[in-house]
Amino acid sequence: MNGTRVVVLGAGIIGAACARELALAGLEVTLLDRGGAAAATTSHGEGNILVSDKGPGPELRLAQLSRRLWPEVLATIADRSPAGRRAVAAAEWDPKGGIVVATTEAGAHGLTEFAAAQRGAEVRAEALTPDALRAAEPFVTDAHTAAVHYPQDAQIQPAGAAAALLTDALAAGATLRTGEEVLAGVARGGRLTGVRTSGGLVEGDVFVNAAGPWSGTLAARLGAPFAVQPRRGDVLVTTPLPPTVFHKVYDADYVGAVGSSEEELQTSAVVESTHAGSVLIGSSRRRVGFDDRLRPEVLSAVAAKALRLFPSLAGVPVMRAYGGFRPYVPDHLPVIGADPRLAGLWHATGHEGAGIGLSVGTGRLLRNLVLDEPAQTDADAFRVDRPAVLATEPLPEAVSAPQAVSAPEPRQQKPTQQKRTQQKPTQQEQEGA
Amino acid sequence: MTPRHVAVVGAGPAGLAAAQAALAAGARVTLIDSAEQPGGQYHRMLPDAYAAERPGELHHGWTAFERRRRQVLTHPRCSWLAETSVWALERTGRDRPPRVHLLCDGPVDGSGRTRRTLDVDALVLATGAHDRVLPFPGWQLPGVFTAGAAQALAKGERVVVGDRVVVAGSGPFLLPVAASLLEAGSRVREVLEANTPGTVARGWGRRPWELAAQLGKTAELAEYAAALTRNRVPYRLGRTVVEARGAGRVEEIVTARLRPDWSVIQGTERTVPVDALCVSHGFSPQLELPVAAGCALRDGEFVAVDDEQRTSVPGVFAAGEITGIAGAPAARAEGAVAGWAAAGGSVTDAGPVADAGPVTAAGPVTAAGPVTAAGPDADAGPVADAGPATAGRRTAAGGTRSARALRVLRRSRDQGRAFARRLAQAHPIGTGWPGWLRSDTLVCRCEETDYGALCSAFGSEAESAPRVAKLGTRAGLGPCQARICGPTVAELRARLGGGLQDRPADRPAEGLPTASPHTRPIAQPIRLGELAASPTPPIPTDPPEESSP
């Protein structure tokens, strides 16, 4: 595969992780982003590396692979160069563990069952007695009905983590081009051979769509639309406090909110401290397109849920709030693999709120698939041609474009069958122009 | 006809003038300020508790200010919300101003304040500016003040920051600060203007006729200059403070002569013993609310406004220092135009604004004719005929008079803008200031981020995106939320190459906020408990009794 030119579209944490794996494998990698590296979704999240919120299944297995890889990857990067060491230090890796707290009887029941199932899938999930909970989190509410400790949960400063992966990718020979927006794809003989960007034509053999919540728009521009949509979240940041919250503490109803598909607001409390002493408080989920307007009632709902877990935080000033967009797929599974409709196009997206944690596993899996190596985790559940990804209504962008992209192909095709001849380069180049 | 409801945020010179003009135009006004008293930074008042015998001491235009303050605060159509913060602006639709989210009934750092919301027909933002201070080694030492803080202490608390003080930086503001310190009893050793005599002379000397319009301002400055002369305080140009030293607090400073670009001329350093240092390198407009409202900016630095002070957002007006640093007289003129337009008065048609007569530094809208509606002795009577909806009934004479008043107001505003341009030319920030920095010089005082850390982040391809560098270095994440270091960090980034790859890179991805040092969706800190509570009760949109004639 030496000499294979890979173009990764999107320099967030997923793009950085994919670029790193492929560059280390000896491929010639170019990373493109229309903004700055890690400037969008990656730097607007909390930095969750969680196994606790995932039930048994393919996403949990990807999370477990990622959780194994994280310390390994960071150690490798730190050993490689002083720049790597500095970047890893800035990533603030913290395997602090998570504690899930239920505050209702129904919540306690659900949490206990969920944890039991997870234990069957090699997740460490330790039920905490009230005393043990008090020892672990002295400020948590007395009004809890159950609590489970997940020692494998970890936290990272997401922009720093992406910068560390990117630093290593660049050290391995990848190049980064920022401020360059992909306008259209160029296909020859049914294969994607280039992308036309605001900076010119970029040719390649393998194109990886890692544009997060914008990957649906990007896929449409490349002629292969699919159903990845933004799902907004908001985070509150308090002024620095003396140590008050020691783990990633969240409400048992968080798992339900993550798994829901409601358009309207879902909130649940996720509370944790950062290295600087600020407390980060999430989380909300709303499907409102790319509407970035502040909604005070959303922040208010998040605050109220957090106070249910930590009543003593009522007097703490919130000094900042930020919001971001998660890449959402209706079946809540990432999309990782080749696009059966257009040879040369691959996707690594759709991680919703779990992309920081899942990034290194995703990068590894994508490399396995691109290089046709034995995969370290099952990729079938993440394939592009599954109903949730291809069988929804087309994206507004795709519909409104005068040169509407062709309808999705039948879903039965296997990712390996990359056949597509209808698309002409000229037609594609007009798209998005 | 229900009068239009105008909310004015900020009760400094611009906001107070806006409130007065909006009342004169027949609107209902809610005037909001985080301080206990109106006046802003310019007319910072002693708290009532001081019961000062001569509250106007150290103040300019006090009588006119007092009159305007009384007129506005006692007006039956005005609600004055003191000690109230606007913590968020919520954009609810395309064609109306954002909903105003307030924290009422308590000082900014108080607790248990009440959350309320306010929906209005028009919003006038007059949030003013705060000092811009460039970093230099030792600027974080106790005893180093922003000039604005030192003046606020002198004016607002009658506290003297030190006995042997140096005032340094750039701009005419150094003079009133020095004068305030002298009046409050400090010994001012020298006043240092960083710009060279050539730069200052060229800036002010160009188009001297424009200055004539600012006679009030010029006279005021002359008075300050006279105070310096009387007290034998030297005013030096082309020299500044490049370092502050001391064990635990400032004990001495190093000053040096500068080239026109503010690079240090080696060998001209002088050590001066001091017990306090006041610095100001100009002003940063407080843009978080305009940015939250979605207002377009001019050069990324000021709110863009049209001839009637309208911003790019329907129903949102801006006045004062957030549209350009031009001082109190210009702010008053802008405020009056904004208040009038916000109330629905047309700036081109005749309308019920006062016969202002000659516009003085004291303020463009003075009492006469229909504006008595704004006077303290007016009851609800004049409200009906002062409303903009009834402008058609106005006499021809009154209309002509109002039109003339508006012309005068706008002329005064335009003169203020010309003054602002000259000010910027005469007192620019030189490009050579990063030469004062050392690797361990703090740039962000809240988070103790030093220059070396920023150099390293901005020099790295992987970390140079503004938000990534911010999270990585923590510069701007502390309690002041980049109000002090934000412009400095942005400039260093451009200088250090982080900006090189930027051409369109700083353009935000769809749906994500621009990486602007002014983006603060939570404009003022709000306690978690206050945030969790629902807003109660909403401030009624219609006034209880004046709803319709």
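Residues numbered from 1 in each chain as written. Chains lettered and ligands numbered in written order. Predicted model: local features only at pLDDT ≥ 70, side-chain atom pairs only at ≥ 80, totals over all residues. Heavy atoms only, no water.

An unreviewed UniProt entry lists chain B under the name FAD-dependent oxidoreductase, from Streptomyces oryzae.

Looking at an unreviewed UniProt entry, chain A carries the name FAD-binding oxidoreductase, with the source organism given as Streptomyces oryzae.

Undergrad: What exactly am I supposed to notice about the overall build of chain B here?
TA: Check the secondary structure of chain B and you find 15 helices and 23 strands. Counting the 549 residues in chain B, one finds 57% classified as buried. By sequence separation, contacts in chain B at least 24 residues apart represent 69% of the contacts at least 6 residues apart. Total accessible area computed for chain B in this model is approximately 21,000 Å², and 52% of it derives from carbon and sulfur atoms. (Helix = DSSP H or I, 4+ residues; strand = E, 2+ residues; numbered from the N terminus. Buried < 20%, exposed > 50% of the residue type's maximum accessible area, 1.4 Å probe, protein only. Contact = heavy atoms within 4.5 Å. Areas by Shrake-Rupley, 256 points an atom, 1.4 Å probe, with all protein chains shown as cover.)

Undergrad: Please clarify how the overall build of chain A should be interpreted in this entry.
TA: Looking only at helices and strands, chain A has 13 helices and 19 strands in total. The 433 residues of chain A split such that 64% are buried. At a minimum sequence separation of 6, the contacts of chain A that also span at least 24 residues come to 76%. When the accessible surface of chain A is split by element, carbon and sulfur atoms take 54% of a total near 14,700 Å².

Undergrad: Is there a simple way to explain the packing of aromatic side chains in this structure?
TA: Using the criterion set out here, one finds 5 aromatic pairs over all chains in the structure. Relative to A:Phe290, the ring of A:Trp214 lies with its centre 5.1 Å away and its plane at 5°, an arrangement referred to as stacked. Here A:Trp214 is found in the loop between strand S12 (206–209) and helix H7 (215–221), whereas its partner A:Phe290 is found in the loop between strand S16 (279–285) and helix H9 (296–309), with 76 residues between them in sequence. Take A:Phe290: its relative accessible area is 16%, and that puts it in the buried class. By way of ring pairs, the aromatic residues A:Trp214, A:Phe290 and A:Phe325 are connected into one cluster. The residue whose ring lies beneath B:Arg445 is B:Trp139, and the NZ or CZ to ring-centre distance is 4.2 Å. A cation sits over an aromatic face here: B:Arg467 above A:Tyr322, 4.8 Å from the ring centre. (Phe/Tyr/Trp six-rings, centres within 6.5 Å; stacked < 30°, edge-to-face > 60°. Lys NZ or Arg CZ within 6 Å of the ring centre and 35° of its normal.)

Undergrad: Looking at this structure, I do not really get the domain arrangement of chain A. What am I missing?
TA: Residues and elements named next belong to chain A. Partitioning chain A into structural domains gives domain 1 (5–69 + 158–228 + 331–423) and domain 2 (127–141 + 230–326). Of note, the centres of domain 1 and domain 2, computed from C-alpha atoms alone, are 29 Å apart. If you look at the interface, domain 1 gives 14 residues, while domain 2 gives 23 residues. Buried area between domain 1 and domain 2, summed over both chains or domains, comes out near 1,500 Å², and the portion from carbon and sulfur atoms is 54%. Our enumeration of links across domain 1 and domain 2 arrives at 2 salt bridges. One can count 7 residue pairs in polar contact (both at pLDDT 80 or more) joining domain 1 with domain 2. Residue composition of the side of domain 1 that touches domain 2, by class: 3 nonpolar, 8 polar and 3 charged. (Domains from an automatic or database assignment. Buried area = accessible area lost by both parts, 1.4 Å probe. Salt bridge = Lys/Arg side-chain N within 4 Å of Asp/Glu carboxyl O. Polar contact = N/O pair within 3.5 Å; in protein donor to acceptor, adjacent residues only side chain to side chain. Nonpolar A, V, L, I, M, F, W, Y, C, P; charged D, E, K, R; others polar.)

Undergrad: Help me understand the sheet that holds strand S11 (residues 200–203) of chain A, please; the structure alone is not making it clear to me.
TA: Hydrogen bonds along the backbone pair up the strands of a sheet, which may run parallel or antiparallel. All names here are of chain A. Across the sheet, 3 strands lie side by side as S9-S10-S11; this open sheet has antiparallel pairing. Only two strands of the sheet have a single partner each, and these edge strands are strand S9 (182–188) and S11. Direction aside, neighbouring strands of the sheet carry axes that sit 30° apart on average. (Pairing = 2+ DSSP bridges. Axes fitted to C-alpha atoms, helices over the stretch in contact; angles between N-to-C directions.)

Undergrad: I keep staring at the interface of chain B and chain A and nothing clicks. Help me out?
TA: Listed as interface residues are 45 residues of chain B and, on the opposing side, 51 residues of chain A. Summing both sides of the interface, chain B and chain A together bury roughly 4,100 Å²; the carbon and sulfur share of this comes to 57%. There are 2 salt bridges connecting chain B and chain A. We note a salt bridge from B:Glu90 to A:Arg295, for which the minimum N-O separation is 3.4 Å. Inspection of the chain B/chain A interface yields 17 residue pairs in polar contact (both at pLDDT 80 or more). Counting only elements with at least two residues in the side of chain B that touches chain A, the list comes to strand S4 (85–90), helix H13 (466–473), strand S23 (526–527) and helix H15 (528–532) of chain B.

Undergrad: Could you clarify how one ought to interpret the UniProt feature "domain: FAD dependent oxidoreductase" (unreviewed entry) in chain A in this entry?
TA: Feature annotation in UniProt places "domain: FAD dependent oxidoreductase" (unreviewed entry) on residues 5–368 of chain A, given in this structure's numbering. For the annotated span residues 5–368 of chain A, helix accounts for 34% and strand for 28% of the residues, and the straight-line distance between the end C-alpha atoms is 16 Å. (UniProt positions renumbered as here; feature names shortened; annotations may be inferred.)

Undergrad: Can you walk me through H13(B) in this structure?
TA: An α-helix turns once every 3.6 residues. As a result, residues three or four positions apart point the same way. All of the buried residues in H13(B) are B:Arg467, B:Val468, B:Ala469, B:Leu471 and B:Thr473. One or two residues past the end of H13(B) sits B:Arg474, with phi positive at roughly 70°.

Undergrad: Explanation requested: helix H6 (residues 158–171) of chain A in the structure shown.
TA: Residues and elements named next belong to chain A. A rise of 1.5 Å per residue sets the reference length of H6, with its 14 residues, at 20 Å; its end C-alpha atoms lie 20 Å apart and thus fit the reference within 8%. Of all 14 residues in H6, 13 are buried, a share of seventy percent or more. Measuring from the backbone nitrogen of Ala159 back to the side-chain oxygen at the start of H6 gives 2.9 Å, which picks out Gln157 as the cap. Immediately beyond the C-terminal end of H6, within one or two residues, lies Gly173, with a positive phi of roughly 110°. (Expected span 1.5 Å × (residues − 1).)

Undergrad: Looking at this model, I keep getting lost on the packing of helix H1 (residues 13–24) of chain B against helix H2 (residues 62–73) of chain B. Mind explaining?
TA: Helix packing geometry: the angle between the two helix axes and the distance between the axes. Residues and elements named next belong to chain B. Relative to each other, H1 and H2 sit at 50°, their axes nearing to 10 Å. Classed by the angle they form, the pair H1 and H2 counts as oblique. For H1 against H2, the interelement crossing comes out left-handed. Residues Leu16, Ala17, Ala19, Gln20 and Leu23 of H1 touch H2, and the partners they reach there are Phe65, Arg68, Arg69, Gln71 and Val72. When grouped by side-chain class, the residues that make up the contact of H1 with H2 number 6 nonpolar, 2 polar and 2 charged. (Parallel < 35°, antiparallel > 145°, perpendicular 65-115°, else oblique. Left-handed = near helix turned anticlockwise from the far one by under 90°.)

Undergrad: Can you help me understand the nonpolar core in this one?
TA: Across soluble globular proteins, nonpolar side chains have a tendency to be buried as a group. Within the largest apolar cluster, 85 residues are counted, with the highest numbers of intra-cluster contacts made by A:Val29, A:Trp70, A:Leu165 and A:Val208. Of the residues forming this core, the biggest block, 10 residues, is contributed by helix H2 (residues 58–80) of chain A. Residue assignment places this core across two domains, with domain 1 (5–69 + 158–228 + 331–423) and domain 2 (127–141 + 230–326) of chain A each supplying three or more. Contacts of A:Trp70, omitting those with residues within four sequence positions, involve A:Ile13, A:Ile49, A:Trp93, A:Ile156, A:Ala161, A:Leu165, A:Ile356, A:Gly357, A:Ser359 and A:Val360. Counting residues in each nonpolar core, the second largest holds 39 residues, with B:Val250, B:Ile253, B:Trp436 and B:Leu437 among its members. (Core = buried A, V, L, I, M, F, W, Y, C linked by side-chain atoms within 4.5 Å.)

Undergrad: Teacher, can you tell me more about the sheet that holds strand S6 (residues 114–118) of chain B here?
TA: The strand order S4-S5-S6 (chain B) describes an open sheet built from 3 strands, whose pairing is antiparallel. The open sheet has two edge strands, S4 and S6 of chain B, and neither has a second partner. Sheet twist, expressed as the mean angle between neighbouring strand axes with direction ignored, is 25°. Against the sheet, H9(A) makes contact with S4, strand S5 (99–104) and S6 of chain B, and its axis sits at roughly 115° relative to S4(B), the strand it touches most.

Undergrad: What's the story with the pattern of salt bridges in this structure? I'm lost.
TA: Any two side chains of opposite charge can pair, so long as their charged atoms come close to each other. Throughout the structure, instances matching the rule amount to 47 salt bridges over all chains. One salt bridge connects A:Asp234 with A:Arg232, and the closest N-O pair in it is separated by 2.8 Å. Comparing A:Asp234 with A:Arg232 shows no difference in burial state: the two are buried. The partner of B:Glu491 in a salt bridge is B:Arg495, and the shortest N-O contact between them spans 3.2 Å. Taken together, the residues span about one helical turn, with B:Glu491 and B:Arg495 both in helix H14 (residues 486–495) at a distance of 4 residues. Among the charged side chains, a salt-bridge network with shared partners connects A:Arg20, A:Glu21, A:Arg80, A:Asp168, A:Arg364, A:Arg367 and A:Glu373.

Undergrad: What is the right way to look at the environment of B:His130 in this model?
TA: All names here are of chain B. Mapping His130 onto the fold places it in strand S8 (residues 129–131). Note on His130: relative accessible area 17%, which makes it buried. C-alpha of His130 to C-alpha of Phe283: the two residues are 153 residues apart in sequence and 5.5 Å apart in space. If sequence neighbours within four positions are ignored, His130 has contacts with Gly282, Phe283, Ser284, Gln286 and Arg483.

Undergrad: It is not clear to me how the confidence of the model for chain B should be interpreted in this structure. Could you clarify?
TA: Reading predicted coordinates in detail is not appropriate for stretches of low pLDDT. Model confidence for chain B is summarised by a mean pLDDT of 81, while 78% of its residues fall at 70 or above. Scored by ipTM, the complex comes to 0.87, with pTM at 0.86. (pLDDT = per-residue confidence, 0-100.)

Undergrad: Would you mind showing me how to read the side chain of A:Lys305 here?
TA: Residue and element names in this part refer to chain A. Its location among the elements puts Lys305 in helix H9. At 4.2 Å, Asp253 is the nearest oppositely charged side chain to Lys305, a buried residue that forms no salt bridge. For Lys305, the side chain forms a polar contact with the main-chain oxygen of Thr267, separated by 2.8 Å. When sequence neighbours within four positions are dropped, the list of residues in contact with Lys305 reads Asp253, Thr267, Ser268 and Ala269. (Lys, Arg positive; Asp, Glu negative; His and termini not counted.)

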